[in-house]
Structure formats: C-alpha cells, structure tokens
Amino acid sequence: MKYWFPVAKMPKSGGNWPLLKDMISQNERLLVFASKKAKEASEGIPFEWNYVVESQYGNEGMVEGKCPNRGESPAMDSKSQSLVLMNFFTTDPNPTGVCGNNSAPLVSMLKTCHDLSGNRWPNYIAVDYYMRSDGGGAPLATDVANGHLVCGCDNIAYCKANSTFGTCVIPPPPPPSPPRAPAKGTSPGGDPSAAVARLPAFQWSCFLGLTSLALLFLS
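Residues numbered from 1 in each chain as written. Predicted model: local features only at pLDDT ≥ 70, side-chain atom pairs only at ≥ 80, totals over all residues. Heavy atoms only, no water.

As annotated in an unreviewed UniProt entry, the protein chain carries the name PI-PLC X domain-containing protein and is attributed to Aegilops tauschii subsp. strangulata.

Spelled out as structure tokens, the structure:
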C-alpha cells in the first residue's frame with residue numbers, strides 16, 4: 001500500500017496520466033488492477049479495462065499483421081482507455097522456440113499494434129522467457145517503445161537530454177568490419193565458412209515497461 005497509486009487519481013475517459021517522475025517522487029509508482037469490475041467500487045482496486053486496452057494473448061495474438069483485442073478488453077483503438085498492453089507469447093510456453101519469437105517478430109508486432117491501437121505505442125509488453133532471444137528482441141522492442149513514448153525517437157538511446165520532444169541524436173553506423181584472414185591451413189580460395197568462427201548466441205535481459213513503474217494485475 002505504501003507505493004499504491006490511488007484509483008481516485010487515475011485519469012478517466014482516456015485522459016493523461018501524471019508524469020512518471022512525479023509518480024516516483026510521490027512514491028505512487030505501483031499500479032494495481034483487477035479483472036472483476038465490482039472491485040473498483042467495493043475495494044478501490046481499479047477495473048483494468050476502464051484504463052487499459054489489451055491485445056489477445058496466446059497463438060491468436062501472434063498472427064502477423066494483426067493485433068486483436070483480448071475478449072474482455074475494449075477495442076485496441078478505443079481512446080477511452082489511455083494505457084496499451086501488448087501480449088506476445090504462445091499458448092503453450094516453448095523455451096526453445098521463444099528465442100525466435102522474442103526477436104524480429106516481436107519488434108514487428110510492436111509496430112503493428114501501434115498502427116492498430118490508434119497510433120499509440122504499448123506502455124507494457126508481455127512475453128515469455130524475456131531473457132531469451134536471437135538478439136535484439138525484447139530489449140530492443142522495449143527501447144523502441146520507450147523511445148517513442150519519452151522523446152519521439154525510434155530508440156530510447158537516441159533521446160537527447162533536456163531537449164524538446166522529437167529531438168533525436170542518431171549515432172553514425174559502425175564502420176565495416178575488416179576482412180578476416182584465412183584460417184590456418186586453408187587457402188584464400190577455399191571454403192570461406194571454414195575461416196569464420198561461429199559466435200555464440202547472445203542472451204539478453206530487460207525490464208519490460210516504464211522505468212521504475214510496477215504493474216500488477218489481480219483476479
């Protein structure tokens with residue numbers, strides 16, 4: 001309860017939320033929602049779908065080019081709710097296949113859901129095995145969403161401190177890698193794959209959601 005953001009302060013009808021820094025400074029950084037509508041009046045726990053639109057979870061929510069709403073949620077483009085929650089995980093957890101899902105398809109779905117949610121970027125991204133990907137993936141999707149939400153840039157890393165919204169500093173691309181020398185015992189005209197070391201896949205970890213802001217859903 002010490003960090004609970006009171007329902008009385010929650011914006012109605014899609015209004016603007018207070019600034020994150022103000023929520024943190026007032027120690028009101030924990031958002032708690034209930035899936036039962038009656039709890040808002042009886043217990044002061046806000047009914048999730050009065051404030052949040054949520055995409056379909058499971059396999060039905062992972063179809064390329066689509067971002068359907070969860071059955072209990074209003075339509076994704078409803079402007080009566082100001083928070084957007086994007087689900088992207090299979091119906092049956094798959095610790096192996098999740099590496100591919102948490103990579104390019106996740107970033108692609110992020111952009112699809114933006115377009116189908118009234119041009120709003122997700123405030124929250126729900127995935128399985130968030131530390132696993134083939135590179136980029138969950139942390140990249142979070143950086144993309146936070147970049148657009150915080151400063152209007154394609155990545156949070158491009159935001160320029162103490163600048164107006166939309167001011168971005170995009171780093172130059174890295175220089176091309178120098179050609180690799182042939183491996184010992186091979187000739188320049190040999191099989192090129194024999195001279196290239198195979199690099200291990202990277203493991204990533206990230207916090208999905210707004211920095212320093214916790215989110216909890218109650219049944």
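Text resumes after the structure shown.
> What should I look at first to understand the overall build of the protein chain in this one?
Regarding its fold elements, the protein chain presents 5 helices and 5 strands. Seen in sequence order, the protein chain has helices and strands lined up from the N terminus as α-β-α-β-β-α-α-β-α-β. When the 219 residues of the protein chain are sorted by exposure, 36% land in the buried category. In the protein chain, once contacts between residues fewer than 6 apart in sequence are set aside, the share between residues at least 24 apart is 62%. Summed over all atoms, the accessible surface of the protein chain reaches about 12,900 Å², with 57% contributed by carbon and sulfur. (Helix = DSSP H or I, 4+ residues; strand = E, 2+ residues; numbered from the N terminus. Buried < 20%, exposed > 50% of the residue type's maximum accessible area, 1.4 Å probe, protein only. Contact = heavy atoms within 4.5 Å. Areas by Shrake-Rupley, 256 points an atom, 1.4 Å probe, with all protein chains shown as cover.)

> Got a minute to help me understand the pattern of salt bridges in this structure?
Pairs may arise between side chains of opposite charge once their charged atoms sit close together. In total, this model carries 6 salt bridges according to the counting rule given. Put simply, Glu-43 and Lys-39 hold a salt bridge, and the shortest N to O gap is 3.1 Å. Note that Glu-43 and Lys-39 are positioned in helix 2 (residues 38-43) at a spacing of 4 residues, about one turn of the helix. The partner of Glu-72 in a salt bridge is Arg-70, and the shortest N-O contact between them spans 2.7 Å. Using a relative accessible area of 19% as the deciding quantity, one classes Arg-70 as buried. Among the charged side chains, a network of salt bridges with common partners joins Glu-54, Arg-70 and Glu-72. (Salt bridge = Lys/Arg side-chain N within 4 Å of Asp/Glu carboxyl O.)

> Can you walk me through the side chain of His-148 in this structure?
Checked against the element boundaries, His-148 lands in helix 5 (residues 137-150). Look at His-148 and you get buried, because its relative accessible area is 17%. Setting aside its immediate chain neighbours within four residues, His-148 contacts Trp-121, Cys-153, Asp-154 and Phe-165.

> Whenever I open this one, helix 4 (residues 104-116) confuses me. Can you help?
Because an α-helix completes one turn every 3.6 residues, residues spaced three or four positions apart along the sequence face the same direction. In this model helix 4 runs 19 Å from its N-terminal to its C-terminal C-alpha over 13 residues, within 8% of the 18 Å that 1.5 Å per residue would give. By the burial criterion, the buried members of helix 4 are Leu-106, Val-107, Met-109, Leu-110, Thr-112, Cys-113 and His-114. Here the buried face of helix 4 lies against strand 3 (83-87), helix 3 (98-101), strand 4 (124-126) and helix 5. A positive backbone phi angle near 70° is found at Gly-118, which sits one or two residues after helix 4. (Expected span 1.5 Å × (residues − 1).)

> Just to check I follow, could you spell out the packing of aromatic side chains for this structure?
Note on aromatic pairs: each is described by the distance of the centres and the angle between the planes. Counted by the stated rule, this structure contains 3 aromatic pairs. Seen in terms of ring centroids, Phe-33 and Tyr-51 are 6.1 Å apart; in terms of plane orientation they differ by 45°. Their pairing is tilted. Taken together, the residues span a long stretch of sequence, with Phe-33 in strand 1 (residues 30-34) and Tyr-51 in the loop between helix 2 and strand 2 (52-54) at a distance of 18 residues. For Phe-33, a relative accessible area of 0% translates into the label buried. On the accessibility criterion, Tyr-51 (2% relative accessible area) is buried. (Phe/Tyr/Trp six-rings, centres within 6.5 Å; stacked < 30°, edge-to-face > 60°.)

> Is there a simple way to think about the packing of helix 4 against helix 5 in this case?
A pair of packed helices can be characterised by two numbers: the angle between their axes and the separation between those axes. Relative to each other, helix 4 and helix 5 sit at 25°, their axes nearing to 8 Å. Here helix 5 runs roughly parallel to helix 4, going by the angle between their axes. Relative to helix 5, the crossing made by helix 4 is right-handed. Along its contact with helix 4, which presents Leu-106, Val-107 and Leu-110, the element helix 5 presents Gly-137, Ala-138, Leu-140, Ala-141, Val-144 and Ala-145. Looking at the contact of helix 4 with helix 5 residue by residue, the classes come out as 8 nonpolar, 1 polar and no charged. (Axes fitted to C-alpha atoms, helices over the stretch in contact; angles between N-to-C directions. Parallel < 35°, antiparallel > 145°, perpendicular 65-115°, else oblique. Left-handed = near helix turned anticlockwise from the far one by under 90°. Nonpolar A, V, L, I, M, F, W, Y, C, P; charged D, E, K, R; others polar.)

> For this particular structure, what's the right way to read the sheet that holds strand 3?
Strand pairs in the sheet, formed through backbone hydrogen bonds, run parallel or antiparallel to each other. Taken in spatial order, the 3 strands of this open sheet run 2-3-4, and their pairing is parallel. Only two strands of the sheet have a single partner each, and these edge strands are strand 2 and strand 4. Geometrically, the sheet is characterised by an average inter-axis angle of 20° between neighbouring strands, direction not taken into account. (Pairing = 2+ DSSP bridges.)

> For this particular structure, what's the right way to read unusual backbone geometry?
Glycine aside, residues mostly have negative phi angles, and peptide bonds mostly take the trans form. The residue Ser-13 is not glycine, and still its phi comes out positive at about 55°. Note that Ser-13 resides in the segment before helix 1 (20-25). Even without glycine at this site, Asn-162 takes up a positive phi of about 60°. As for its position among the elements, Asn-162 is in the loop between helix 5 and strand 5 (214-218).

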